[in-house]
Every structure is written in structure tokens, then in C-alpha cells.
Amino acid sequence: MRVNKLAVIGAGSMGHQIAMLGALGGYSTVLQDLNEEALEKAKGTLEGIMDKWVKKGKISEGDKNEAFNRLTFTPSLEEAAGNADFVIEAVVEKLDVKREVFQQLDNIAPPQTILATNSSTIVSSLIADVTERPDRVCNMHFFFPALVMDCVEVVKGDHTSEETAQIAMEVSEQMNRTAVLLHKEISGFIANRILFAIQKEAMSLYENGYADFKDIDTITKKALSHPLGPFELLDLSGIDVGYYVMQQQYNETGNPLDQPPKTIVDKVEAGELGRKTGKGFYEYSENGRVRS
Ligand SMILES: NC(=O)c1ccc[n+]([C@@H]2O[C@H](COP(=O)([O-])OP(=O)(O)OC[C@H]3O[C@@H](n4cnc5c(N)ncnc54)[C@H](O)[C@@H]3O)[C@@H](O)[C@H]2O)c1
């Protein structure tokens, strides 16, 4: 099977950059979102990033223009997936929403089309059963921000065919990302399982008063050589995103230790979601973090 046409569903923090990677990789790519404002924002953000890439000499003006010629934006799922060879879903991290989107995609996309989910934690077997093509469903997990982070986790469930997993690996490579293949499913995959263990421990140390969150970030960076501390990373990727991921894990395991910690719940309720709202654990202005 040859992949020529890509559809990315959901134009939020992840979807717009995944779509750009597809267009840069030579695929005719459609980015779809129910929310037309999200599509407008996606277009503006991508134009800004690509202009910077041209200025820095990362790509030529010609390459940029060709990539944008291959990239279209639409609120219509039919238009996006109707003739796609490969679909990457990047809507909100809620299982019921993803199941509904996959059911719609299964009705709209040609039978041979592969349907991949960019979920941070949800294994595709929890979604594949709403389709008539479970062998063509897999996880394809990009990292935030997708245009910067050179990695993808492709996860092959028992339902996923070998061919589907191989094609997802090839598509990742064509999008210029380093991909690893997980041969069986596990919620949270590799990177996030390691990250959650760190975040859980960091939050417990903070909530139990052992150290301030800023000092926990400092020691994680200085002693462990992490580029960002766990609280800085939560602010960067969105505290609400972290909340949904933790809630989803708890729904799957039923283990009270997997519940989102009080600090995260309080932040979400207060609308302090990190960089995107100007305040999370730290405060931000348009120019970056406000020193404190
Ligand atoms: N943010 C991260 O750090 C990160 C990293 C890796 C993976 N992910 C995963 O990527 C997915 C998207 O996360 P995000 O951070 O981009 O979320 P986001 O909230 O920024 O964007 C989600 C987008 O999906 C759209 N949407 C919602 N329902 C839709 C539907 N039925 N059809 C079409 N569009 C719909 C929303 O309008 C929104 O624009 C999630 O599964 C998340 O777990 C997120």
C-alpha cells in the first residue's frame, strides 16, 4: 500500500504541527477541526514557524511554499478523510470523543485507509472495536511540540496487522521523525510512563512539603540533566492535558494513586493551565516566563 494522502483530525497544540510535518514530508495533507477558529489559528501559527525556519536556513522559501501548497484546512471530516490513505487523529484526550471520531472515520474513509491515534496514553484497542477495520488501527504518538521533537512511538496492538505497523513506521520516517515500534500495548507507552513516574514523585514531594516546586525543577535539571523540570514541562504542555491523561489512566487502572493530584485539579479549576493561559506553576508574559 502506498500512502499519498494524509488527514490529520484536530488542529490543536499537536494536530497543526503533525499536519505540517506531513506536508513537509511530501504528503498531500488535510488538517480538519470542528472549530474554524482553531483552523485559522493553526494556519497563522504554522506560517509564523515556517517563516522563522526559512530565516534560519532550515528550509528554503521554495520548500516552504511547496509544503503549504500540499496543506489544506477544512472543518469537514468528509473532505479530510474521504480519500485519505492515512489518518492521524489528534482530538482531545477523552476516550468517548475519540471513539466517536473513529466511528465516523470508519464510515467516511476508504476501507484500506489506516486510522492512527496520537493519544498520549490510550491504547488503540480501546478504540479499534468501534471500526470494521481493527487491523488497520494503531497508535502513532508524536511529542510536543511535534515540529521540534524528533520522535514517534508506534504501538502495535494484538488487533493491528504487521503491515499497518510497518506503514506507520514508514510514514513517521517520511515525516522526518525517528520512530520506535512497541510490539505490544501498554497504556502511556514508553516515554510517558517514565515521565509520569517522575511527575508523580515530584508532585508528592511538593504536596508533602519537602521542597518548593521551583527547587524540584532546579534539582531535576541540574542533577539529572533534564532540559526542563517536571513543573515547567506541565506548564509547557498544558496542565489540563496532564489532568486528562492522569484521569484517563485512573479510569483504566482504578488505582487511587493514579488519580490527578489535588494541585493539578486546583490548577485546572482555577483555569491556570500553564503557558497558554499566562499562568500555571509559573507566570508568563508574551515574551516568555516572568522571572520571580
Ligand atoms: N499537548 C501535548 O503535549 C500532547 C503530546 C502528545 C500527544 N498529545 C495528544 O494529542 C491529542 C490532542 O492533544 P492537544 O494537546 O493537541 O489538544 P488540544 O486541546 O490543543 O486540541 C484538540 C483539538 O481537537 C479539536 N476537536 C475536538 N473534538 C473534535 C472532533 N470531534 N473533530 C475534530 N476536531 C475536534 C478541538 O477543537 C481542538 O482544536 C490528545 O490525544 C493528546 O493526548 C498531546
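Here the residue index of a chain counts from 1 through its sequence in written order. Totals for whole chains, interfaces and linings use all residues, but because this is a predicted model, local features are given only for residues with pLDDT of at least 70 and pairs of side-chain atoms are given and counted only at 80 or more. Remark: hydrogens and water are excluded; side-chain values derive from all non-hydrogen atoms of the structure.

Inclusion rule: UniProt positions are given in the numbering used here, feature names are shortened, and annotations may be inferred rather than shown by experiment.
Under an unreviewed UniProt entry, the protein chain has the name 3-hydroxyacyl-CoA dehydrogenase and belongs to Pontibacillus salipaludis. Quoted verbatim from the Pathway (unreviewed entry) field of the UniProt record, the comment on the protein chain reads "Lipid metabolism; butanoate metabolism."

## Things to note about helix α1 (residues 15-24)
As a reminder of what qualifies: Burial status follows relative accessibility: with a 1.4 Å probe on protein chains alone, a residue under 20% of its type maximum counts as buried, one over 50% as exposed, and anything between as partly exposed. Helix and strand assignments come from DSSP, with helices taken as H or I runs of at least 4 residues and strands as E runs of at least 2, each series counted from the N terminus.
With nine of 10 residues buried, α1 is to be regarded as a mostly interior element. Along α1, the residues classified as buried are Gly15, His16, Gln17, Ile18, Ala19, Met20, Leu21, Gly22 and Ala23.

## A closer look at the domain arrangement of the protein chain
Spelled out, the test is: Residue ranges for the domains trace back to a domain assignment, done automatically or taken from a database. Contacts: residue pairs with any heavy atoms within 4.5 Å of one another. A simple way to read buried area is as the amount of 1.4 Å-probe accessible surface that goes missing from two parts once joined, with both sides added. The term salt bridge refers to a pairing of a side-chain nitrogen on Lys or Arg with a carboxyl oxygen on Asp or Glu at a separation within 4 Å. As used in this structure description, the phrase polar contact means that two N or O atoms lie within 3.5 Å; if the pair is within protein, one of them must be able to donate a hydrogen and the other to accept it, and residues adjacent in sequence are counted only when both atoms belong to side chains. Residue polarity follows a fixed list, in which Ala, Val, Leu, Ile, Met, Phe, Trp, Tyr, Cys and Pro are nonpolar, Asp, Glu, Lys and Arg are charged, and the others, Gly among them, are polar.
Domain parsing of the protein chain yields domain 1 (5-182) and domain 2 (192-281). Using C-alpha coordinates to define each centre, domain 1 is positioned 26 Å away from domain 2. Across the contact, 10 residues belong to domain 1 and nine residues belong to domain 2. In total, about 850 Å² of surface goes out of reach between domain 1 and domain 2, with carbon and sulfur atoms giving 63% of it. A per-residue breakdown of the area domain 1 buries against domain 2 is headed by Glu93, Thr121 and Phe144, which together make up 48% of the total. Our enumeration of links across domain 1 and domain 2 arrives at zero salt bridges. Inspection of the region where domain 1 meets domain 2 yields one residue pair in polar contact (both at pLDDT 80 or more). Among the residues making up the side of domain 1 that touches domain 2, the classes are represented as five nonpolar, three polar and two charged.

## Structural notes on the site of the ligand
Note the following rule: Distances are taken per atom, and a residue is near a molecule or strand as soon as one of its heavy atoms is within 4 Å of it. Surface accessibility follows the Shrake-Rupley procedure with a 1.4 Å probe radius. Residue values consider only the protein chains on display as shielding.
In the vicinity of the ligand, 24 residues are found, and the nearest of them are Met14, Asp33, Glu93, Lys98 and Ser120. Within the contact set of the ligand, an oxygen atom lies 2.9 Å away from a backbone nitrogen or oxygen of methionine 14. Between the ligand and the protein, one listed contact pairs an oxygen atom with a side-chain N or O atom of aspartate 33 at 2.6 Å. Calculation on the ligand without its partners gives an accessible area of 830 Å², and the protein chains cover 82% of this total. When contributions to the shell around the ligand are tallied by element, the ones reaching two or more residues are α5 (95-108) and β6 (137-142). Across the shell around the ligand, the residue classes tally to 11 nonpolar, 10 polar and three charged.

## Focus: the packing of helix α8 (residues 191-207) against helix α12 (residues 262-269)
Selection criterion: Think of each axis as a best-fit line through the C-alpha atoms, taken over the contacting stretch in the case of a helix, with angles from 0 to 180 degrees between the N-to-C directions. Reported orientations rely on four angle classes, namely roughly parallel under 35 degrees, roughly antiparallel over 145, roughly perpendicular from 65 to 115, and oblique for the rest.
Where α8 meets α12, the closest approach of the two axes is 9 Å, and the angle between their N-to-C directions is 90 degrees. With respect to α12, the element α8 is oriented roughly perpendicular. Between α8, through Met203, Tyr206 and Glu207, and α12, the contact on the second element is made entirely by Lys262, Thr263 and Ile264. Tallied by class, residues from the contact of α8 with α12 come to three nonpolar, one polar and two charged.

## Points about a nonpolar patch on the surface
Put simply, the rule is: A patch is a set of surface residues, each over 30% in relative accessible area and not in a salt bridge, joined within 9 Å for like charges and within 5 Å for the nonpolar side chains Val, Leu, Ile, Met, Phe, Trp and Tyr.
A cluster of nonpolar side chains, Val180, Ile190 and Ile194, forms an exposed patch at the surface whose accessible area comes to about 260 Å². Of note, valine 180 is situated in strand β8 (residues 179-182). By relative accessible area, which is 39% here, valine 180 ends up partly exposed.

## Observations concerning the UniProt feature "domain: 3-hydroxyacyl-CoA dehydrogenase C-terminal" (unreviewed entry) in the protein chain
Under the UniProt annotation, "domain: 3-hydroxyacyl-CoA dehydrogenase C-terminal" (unreviewed entry) lies at residues 188-284. Helix makes up 62% of residues 188-284 and strand 1%. Its end C-alpha atoms lie 29 Å apart.

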